[in-house]
Amino acid sequence: MDQPEDFQSGAEFRAATARELLHRALENLSQEHLKRFRHKLRDTPQDGRSIPWGRLEGADALNLAEELIQFYGPEPALDVTRKTLKRADIRDVAEQLKEDRLKRLGPSSSSLLSVSEYKKKYREHVLQQHAKVKERNARSVKINKRFTKLLIAREGAASVDGALGPADERETQRARRSDTHTFNRLFGRDGEGQRPLTVLLQGPAGIGKTMAAKKILYDWAAGKLYHGQVDFAFFLPCRELLERPGTCSLAGLILDQCPGRSAPVRLMLARAERLLFILDGADELPPPAPADAAPCTDPFEEAEGARVLSGLMGKTLLPGARLLVTARATAPGRLQSRLCSPQCAEVCGFSDKDKKKYFHKFFREEWLAEQAYRSVKENETLFALCFVPFVCWIVCTVLRQQLDLGQDLSRTSKTTTSVYLFFVASFLSSAPAADGPQVQGELRKLCRLAREGLLGHRAQFAEKDLERLQLRGSKIQRLFLSKKELPGVLETEVTYQFMDQSFQEFFAALSYLLDDKGDRAPADSVGALLRGNAELRGHLALTTRFLFGLLNTERMRDIERHFGCVVSERVKQDVLRWVQDQGHQRAAPEGTQETEAPEGREELEEEEGELNYALELLYCLYETQEGAFVSQALRGLPELALERVCLSRMDVVVLSYCIRCCPEGQALRLVSCGLAPTHEKKKKKNLMKRLHGSLGGSSSQATVKKTQASPLRSLFEAMTDQHCGLSSLTLCRCKLSDSVCRDLSEALRAAPALTELGLLQNGLSEAGLRVLSEGLAWPQCRVRKLRVQQPTLQEALHYLIGALSQSSALTTLDLSDCQLPEPMVTHLCRVLQQSGCRLQTLSPDLSFPNRLPLLSCTHGCSLTSVKLSAQSLQELREVKKAKPGLVITHPLLESHP
């Protein structure tokens, strides 16, 4: 390749020469020939595009030449002009242009295939190369038969400010199935009419991002996607490029994917807006390099793979090209900050219907698929985990082996970790008894290889790596490692990688628990792993989850039995101490209120890490499935705060489990949280059902709709568990729907430890507040401190104030920022003077501190920020005289706590 300066000067020379040749050819045309040329140019589009007729009609030779150059580029404009001249039967000028170009620009440019001719050849090549995909067991299947449609939600379809209500209230916010229409919408125009050039497709490990990206490439080649918009699409696996030795250029990477390396690369790059690059696994990209290693700006520059990828992502390289970037969703902000105005979309996995389709595609035999599907569906937790396609594949693989033996996977697997462990154990059990010790030893070595690669950011291993650990040619190598041959300079290069990246992370986590007969990890290895992953994000996040899951007492016994080694209890204690230390390190000073919005990219990334930290830690604790361990761990985290999180169905399951196990004095705060789109589409009623409803069945159906569970019902049910120690719950800016209010009201009647409740700016309806008041007035309700901020309720507060006379526990009420009209204040004063009202305090400064331990209750009542008339103030003073022990806080009253 030429050096950048040489290429630039050469490109400028060729462009100037092409412009000169084009001007000369068109100036030699007569007015009649020029008119005929314009019409032929309009009627025969080039590569699906043509210059608008408004810019062609009436253009003279000079203007027409400039339009061609601006629209197609200098050299492609020569090709278009020569072919149009031939179609207009002006063959002498066409031949002269061909000869002049050959003399001035040389034979190389004219001997290359044109972009239009090569496009068809390249599409056929992509269809041939990607028609089949290799499964983890090395079997090749057609991509159209194996691909099961996933759910994909575009950014904005599931806003964190969305209501926590039933699915049918968010009909327009649903995730869409990954069909051709959805893939086309990824680059569709937004609400302002702008079309994004970068799309970030994110989701957890194994969710199917790579398969979706390959399906997009295949459908484009088949002519189903981006018709008339994209001429060439290229698939770039980031991890392989990052581990590729030596340097490369973007032009070279394009040639590697082209048949015969005869692609007209320069012509293709000249029209960058017609190119699509699919960057798979971009979260593997290391942090930005120093200033002396800035991203590439020239597609022909030889550089390290990381610089080339950074140039594409940051739009310093081919800024007009389209990018489809896939990445794990562990810390999306860190990646988004490196992209230029990305349109984000989330892969949500399989719906329940899609799970069933996947089982039938996997097993093929109808009866076997039904038997396997029913056995998994009986276990609600395991069935929920199957929304991840790779977990679904593991489950199906093990079931296919175990069903004949009468064993049932659903009895033993409740978490992702247990599914992976059961998968590995099934292969160990299938080995002959005589080979057991050897296979166990090889598996421990495989764990060591996985950990070394993970800590060294390596996913590909050379044959010498396997020989060093005596794994080459072993049964374990054939089961869990896939072989890949790459053409080298002198000979074929052979590399190995785990059948899936998540398996490398699982075996790496497992390595920390194995005592390899004196060759175990250093004493501080687990501590080093966790301290290096202080934010629980990045490429170690899944490994950390697996580590927690393997600490379950039953799982540890399984490891000892299947791997033939002793598992150290010390690892479990080290992890527990680390979790508790995290709580102390993150404790903010007392009195800290909402923080100011950070400024700058680094501050935003740091804030995002904090927001995702709590949920990621809850996932880790959930993986243990050990209540005593979770309770001990949460003692170091007295307040759990989730802010601006769009909670998926699995997120709610995880949160509910941890709350069920939380210790006494635990606080939970949900701020600006919403729910991800539901997976299932609402079924349309057939004609007979609609007629039945209109003739008398409507009342029963309305009752069913009224009692529909809210998406947070499992969380509220966890609060009522007799072992739940949750004492404080704050819901802020969560737009609580009526169904959520109903389920929360039911929980208030039975929650054994809940003494504080905050409802702040939640858009409560009158019906929602009424049903909440009923729960607060229930004799068994233990809520003593209640804080409500809802300026728009006004008259609806009548229900809440009415509950004061019935509640036997409520002693502190904060109505700050609520608008109370005079009649409402009068009603409040009447209730306060009733003998049944036990209210003692209305004081915002004594309720709901940001950090525990909570302050004890004193006598008082707060109406801070409430505008009161003279009559209302007089009524409140009379209440104070009647009840001297009641503290009412208001700026115009001479009383304070």
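Everything numeric in this text was worked out from a predicted model, so none of it was measured. The numbers attached to residues start from 1 for each chain and follow its sequence in the written order. Only residues with pLDDT of at least 70 get local features here, since the model is predicted, and only at 80 or more are side-chain atom pairs given and counted; chain-wide, interface and lining totals rely on the full set of residues. To obtain the side-chain values, all non-hydrogen atoms of the structure were included, while hydrogens and water were left out.

Quick look at the nonpolar core
For clarity, the threshold we go by: Throughout, nonpolar core names a set of buried Ala, Val, Leu, Ile, Met, Phe, Trp, Tyr and Cys residues whose side chains join them through atoms within 4.5 Å. Think of it in three bands: with a 1.4 Å probe and only protein chains considered, a residue is buried below 20% of the maximum accessible area for its type, exposed above 50%, and partly exposed in between. We call two residues in contact whenever any of their non-hydrogen atoms come within 4.5 Å of each other.
Formed by 233 residues in total, the largest nonpolar core has its most connected members in Phe277, Phe480 and Phe507. Apart from residues no more than four positions distant in its own chain, Phe480 is found in contact with Phe423, Val424, Phe427, Leu443, Leu446, Gln497, Phe498, Met499, Phe503 and Phe507. Listed in part, the 29 residues of the second largest apolar core include Ala18, Leu64, Val80 and Ile90.

A few points about helix H15 (residues 305–313)
Filter applied, for reference: Helix and strand assignments follow DSSP, with helices taken as H or I runs no shorter than four residues and strands as E runs no shorter than two, numbered in order from the N terminus.
Within H15, seven of the nine residues are buried, which leaves the element mostly enclosed by the surrounding structure. Of all the positions in H15, only Gly305, Val308, Leu309, Ser310, Gly311, Leu312 and Met313 are classed as buried. Once H15 ends, the next one or two residues include Lys315, with phi positive near 65°.

Let's talk about the pairing of strand E19 (residues 785–789)
Formally: Should DSSP find at least two bridges between two strands, the strands are regarded as paired. Orienting the strands away from the viewer, one traces the path from the first strand over the helix to the second; a clockwise path indicates a right-handed crossover.
With five of five residues buried, E19 is to be regarded as a mostly interior element. Pairing analysis gives five bridges linking strand E18 (residues 756–760) to E19, with the strands arranged parallel. By the bridge assignment for E19, Leu757 is matched with Leu786. As a crossover connection, the stretch from E18 through helix H36 (residues 766–776) into E19 is right-handed. Bridge count for E19 against strand E20 (residues 812–814) is three bridges, and the pairing is parallel. Looking at the pairing, Arg787 lines up with Asp814 of E20.

Thoughts on the confidence of the model for the chain
Fine structural detail should not be taken from predicted coordinates in areas where pLDDT scores are low. Our working definition: For every residue, the predictor reports its confidence as pLDDT, a number between 0 and 100.
Of the residues in the chain, 77% have a pLDDT of 70 or more, and the chain-wide mean is 78. Segment residues 108–112 is flagged for pLDDT under 50; beyond a separation of four residues in sequence, or across chains, it makes six contacts in the model. Low confidence marks residues 157–162, where pLDDT is under 50. Its contacts with residues over four positions away, or in another chain, come to 18 contacts.

Quick word on the side chain of Ser351
To keep things clear, this is the line we draw: Within 3.5 Å is the distance limit for a polar contact, defined as a pair of N or O atoms, with the added protein rule that one can donate a hydrogen and the other accept it, and that residues adjacent in sequence qualify only through two side-chain atoms.
Assignment of secondary structure puts Ser351 in the loop between strand E9 (343–349) and helix H17 (352–363). Side chain to side chain, Ser351 and Asp354 meet in a polar contact 3.0 Å long.

Some points on the side chain of Ser426
One can find Ser426 in helix H21 (residues 416–430). Here Ser426 falls in the buried class, since its relative accessible area comes to 6%. Once residues within four sequence positions are removed from consideration, Ser426 is found in contact with Val398, Gln401 and Gln402.

Looking at a positive patch on the surface
Our working rule: Here the term patch refers to residues with relative accessible area over 30% and no salt bridge, with like charges joined within 9 Å and nonpolar side chains (Val, Leu, Ile, Met, Phe, Trp, Tyr) within 5 Å. In these tables, accessible area is a Shrake-Rupley quantity obtained with a 1.4 Å probe, and a residue counts as shielded only by the protein chains included in the view. For salt bridges, the criterion is a side-chain nitrogen of Lys or Arg within 4 Å of an Asp or Glu carboxyl oxygen. Counted as positive: Lys and Arg. Counted as negative: Asp and Glu. His and the chain ends are not counted at all. For charged residues, the charge sits on one atom: NZ in Lys, CZ in Arg, CG in Asp, CD in Glu.
Where like charges cluster on the molecular surface, the positive patch consists of Lys132, Lys142, Lys145, Arg364 and Arg400. Looking at the secondary structure, you find Lys132 in strand E1 (residues 132–134).

Regarding helix H22 (residues 436–455)
We apply this condition: The span you would expect from a helix comes to 1.5 Å times its residue count less one.
Between its first and last C-alpha atoms H22 spans 29 Å; for 20 residues at 1.5 Å apiece the expected length is 28 Å, and the two agree. Burial of H22 is extensive: 14 of the 20 residues sit out of reach of the surface.

Let's talk about the packing of aromatic side chains
To keep things clear, this is the line we draw: Each Phe, Tyr or Trp ring (for Trp, its six-membered ring) is paired with any other whose centre lies within 6.5 Å, and the angle between the two planes then decides the class: stacked below 30 degrees, edge-to-face above 60, tilted in between. In this analysis the charged atom, NZ for Lys or CZ for Arg, is taken to sit over a ring once it is within 6 Å of the ring centre and within 35 degrees of the ring normal.
If you walk through the whole model with that rule in mind, you get 31 aromatic pairs. Geometry around Trp220 places Arg123 over its ring, the cationic atom sitting 4.2 Å from the centre. Above the plane of the ring of Phe300 lies Arg266, whose end atom (NZ or CZ) is 4.6 Å from the centre.

Some points on the pattern of salt bridges
Throughout the structure, instances matching the rule amount to 38 salt bridges. As a salt-bridge pair, Glu284 and Arg239 come within 2.9 Å of each other at their nearest N and O atoms. Of the two residues, Glu284 sits in the loop between strand E7 (275–280) and H15 while Arg239 sits in helix H12 (residues 238–243), which places them 45 residues apart along the sequence. Neither Glu284 nor Arg239 differs from the other in exposure class; each is buried. Arg374 serves as the salt-bridge partner of Glu370, at 3.7 Å between the closest nitrogen and oxygen. Of this pair, Glu370 and Arg374 both sit in helix H18 (residues 366–377), four residues apart, which is roughly one turn of the helix. Note on Arg374: relative accessible area 48%, which makes it partly exposed. One continuous salt-bridge network, built from bridges that share partners, spans Glu554, Arg555, Asp558 and Arg561.

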